[in-house]
Amino acid sequence: MCAACLAVQCPSMLKDLIAKPELIKVFGHLPMDVVNAVMGSPRALNLRNIAWHGFLCAGDIDQKYAMLLLVLVASFGALIEGKMDVEGLPHRPPVKYHCPELKGWQSTLDDNVSLFQTAIETSNFVPRGKQSNWLLSLHLLRNKKNGLFLLQVLPEMEHALRVLFAECNHSPQRVQTAESCTHFTTFTEILSSTLSTGEGNSLWSCLGEDIMEYLYDVLIFPSGLRLRDRLGHGEVDIENFDVAIVSYMLSLIIALCRKCGDTSGATSPYTSLFHISAYLHREVKSVDSKIAEFDKTGCCFSKLLEEVPTAAIMLKNARKGDENVRWMTGLVDSSWKRVKPLQCTGFQMELFRLLLQQAQICNQILNQVFKTHSKRMDLLEKKLLHSRQRGNFETLCKLSSVSMCVQHSCFAESSLTGTDCCLWAGFLFK
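The text that follows walks through the structure, step by step, so that each part is easy to find.

## Section: the pattern of salt bridges
Inference 1: Per the stated rule, a full pass over the model turns up 7 salt bridges.
Inference 2: Across the pair Arg-282 and Glu-101 runs a salt bridge whose closest N-O atoms are separated by 3.6 Å. One end of the pair, Arg-282, is in helix α15 (residues 276-295); the other, Glu-101, is in the loop between α6 (63-80) and α7 (109-122), and 181 residues separate them in sequence.
Inference 3: Of the residues examined, Arg-282 reaches a relative accessible area of 30% and is grouped as partly exposed.
Inference 4: Across the salt bridge formed by Glu-158 and Arg-228, the nearest N and O atoms sit 3.3 Å from each other. Taken together, the residues Glu-158 in helix α9 (residues 146-168) and Arg-228 in helix α13 (residues 227-232) connect sequence positions 70 residues apart.
Inference 5: Overall, the relative accessible area of 0% leaves Glu-158 in the buried class.
Inference 6: Since its relative accessible area comes to 16%, Arg-228 is described here as buried.
Inference 7: Within the structure, one salt-bridge network assembled from shared partners comprises Glu-158, Arg-162, Arg-226, Arg-228 and Asp-229.

## Quick look at the environment of Cys-206
Inference 1: Structurally, Cys-206 is set in helix α11 (residues 203-207).
Inference 2: The sequence separation of Cys-206 and Cys-260 amounts to 54 residues, and the corresponding C-alpha distance is 9.3 Å.
Inference 3: Contacts of Cys-206, omitting those with residues within four sequence positions, involve Leu-164, Cys-168 and Lys-259.

So, how was this worked out
Residues numbered from 1 in each chain as written. Predicted model: local features only at pLDDT ≥ 70, side-chain atom pairs only at ≥ 80, totals over all residues. Heavy atoms only, no water. Salt bridge = Lys/Arg side-chain N within 4 Å of Asp/Glu carboxyl O. Helix = DSSP H or I, 4+ residues; strand = E, 2+ residues; numbered from the N terminus. Buried < 20%, exposed > 50% of the residue type's maximum accessible area, 1.4 Å probe, protein only. Contact = heavy atoms within 4.5 Å.

Structure, rendered in structure tokens:
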């Protein structure tokens, strides 16, 4: 609404948004002062932050404050009636998660729910006085309210990690509640590799690299889920939440509980799914599988030899191009597991992005080649190709190794050659 008033950039921080004169102009000083007192200033009630960062225990906040927030929301609707075209206000479409990386996680939900209950009832990961909050999240989960479950469990997980962070780094004062004069510890500091003093964060060694990668996939990586950010800023439709994401989140919490329970360290290995190197690996594997699929259509080429006499020589030369691309895909595939997502430098990240872009272009070109070849092959078998079309098809067959098509087309898009990409890949994965 603030952006709609004067076409200005909307602040990202709630306390800054509330202070914007555009909103005061629309709603008036008194309503905005009430909002600021309830959830704006750290020196006031600050309800939003102490709730969303997991500081509240059952009974800490009187029900009247929740009712006040509901009245405020209803009042804002009444205040803008007649002042502006409510229907014409721009609305950002909600984030819709599409995660093929989590294919198969739906089937593990029921098992994870049972494990989740056992974990929160027995693990030391759940802080004293907070178990009822965790049981509430379990109740929401069993009632299929997946979005509300995540809204409830994320702040609780943050506070549990805050307690563990303070214990691992011998800083009990960092568990304090949200003070008006002190910045309290949030995920930003909890998951950082270093403390504000410059020393290493001992939480990393306490949890291990696998769980830290899992946490970064869920919360931090730009190409990851970023559940806390998106849910906390109202960007997600909580009524339609993917079951696979819920099961994926449950597995993380179960791993954290086991790490801090009697079976300390009994967690399954985990490899990042959402780091850019993981996207690159999947994209290159896709290129390789499509080339293999194309190779399986050798019967098509045997028919083609009867129509195009030079095809045998073309195919022989084309296979050399296939071997070059196969070498690169084999390099990435065999070396990918040596990548340490949490230790990548900025330079390496840029190279990952560049290689990922090239691999995506490769896949696009492969799809186009497959489509064109299939159509032309069908017409050739039916003897429906004119002489010019047969000539064009013969040209395509000169690049009938799809890898050669990719090399000629893909690397024309950038200053890198195929050899350059292979060398950079070797540098990244060494």
